[in-house]
Amino acid sequence: MQSERFTIRMAEPEDDPAIAALVIEGFIDKFRPVFGKRMDQSIRIMEKWISLEHSSGGVESFVIEGCEAGEVAASVGVRTKPSNDDIMARGLWRTLTQNLGTMRALWATTLLSYPRYSAKSSEAYIERLVVSPGFRRQGMAKGLLEAAEGLADETDKKTLGLHVSGNNLPAMRLYEDEGFGEASRQRSLLTGHFLGIKDWIYLRRNL
Ligand SMILES: CC(C)(COP(=O)(O)OP(=O)(O)OC[C@H]1O[C@@H](n2cnc3c(N)ncnc32)[C@H](O)[C@@H]1OP(=O)(O)O)[C@@H](O)C(=O)NCCC(=O)NCCS
């Protein structure tokens, strides 16, 4: 898929480390309280998480390459198939305990369980949309949302869904522009206190 200024392609397994680094960078405010003093382990954990999503989570990712070899400027994950939750949960728990120890792994699992989402077979679910700071406001996020929509069409989905935190104004603006509307919201005092995210808004768009 080609835009005037960048090319969007499906991610390959070799992209997982770069996607992981980008996701940690893009959501650093969310991950710092989760990983605490073990931030240096966060990229390894995220890389395992993303590779599990690709192998067992029913998720495919798109990437836009940056200027350097192997650099990923932007990425998004799209879930279109059922997830093998058992394999996902066991794999994630193993990597969390190996890298953080049991107590911190429990804490991370609690915070990372938000927002809660029950997959629907008629919906393509968008997750971890992120654009590297140096590449923002060039239409990359819009391009990735279009790619996600293309995949949703190919897989006969009826809706596109995603969650956004209530305090993420740039993302809210983007999704509003792209025709998403609020379907519901979850409120969490826990994530409100520890992540500064009180509301998780579920947005949806009909296809
Ligand atoms: C939100 C994010 C993905 C936007 O990426 P982007 O590539 O800069 O977005 P685009 O260039 O495609 O912008 C499309 C539209 O979104 C809106 N938008 C994007 N960033 C905005 C900002 N900082 N302030 C206000 N509106 C913004 C604008 O309407 C913009 O259109 P315009 O540039 O013509 O005004 C990016 O800021 C990011 O990675 N943030 C951190 C991770 C994150 O919050 N992801 C979303 C998770 S739900």
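Heads up: the structure comes first, above all this text.
Residues numbered from 1 in each chain as written. Predicted model: local features only at pLDDT ≥ 70, side-chain atom pairs only at ≥ 80, totals over all residues. Heavy atoms only, no water.

**Structural notes on the site of the ligand**
And then number 1: Surrounding the ligand, one finds 21 residues, the nearest of these being Leu129, Val131, Arg137, Asn168 and Asp177.
And then number 2: Separating an oxygen atom of the ligand from a backbone N or O atom of Val131 is a distance of 2.8 Å.
And then number 3: In the model, an oxygen atom of the ligand is placed 2.6 Å from a nitrogen or oxygen of the Asn168 side chain.
And then number 4: Within the complex, the protein chains bury 79% of what would otherwise be the 910 Å² of accessible surface of the ligand.
And then number 5: Counting residues per element, the ones that place at least two in the shell around the ligand are strand 4 (123-131), helix 6 (140-154), strand 5 (159-165) and helix 7 (169-177).
And then number 6: By residue number, the principal contributor to the shell around the ligand is helix 7, which donates six residues.
And then number 7: Classifying every residue of the shell around the ligand gives 11 nonpolar, five polar and five charged. (Near = heavy atom within 4 Å. Polar contact = N/O pair within 3.5 Å; in protein donor to acceptor, adjacent residues only side chain to side chain. Areas by Shrake-Rupley, 256 points an atom, 1.4 Å probe, with all protein chains shown as cover. Helix = DSSP H or I, 4+ residues; strand = E, 2+ residues; numbered from the N terminus. Nonpolar A, V, L, I, M, F, W, Y, C, P; charged D, E, K, R; others polar.)

Shape descriptors only; they carry no functional weight alone.
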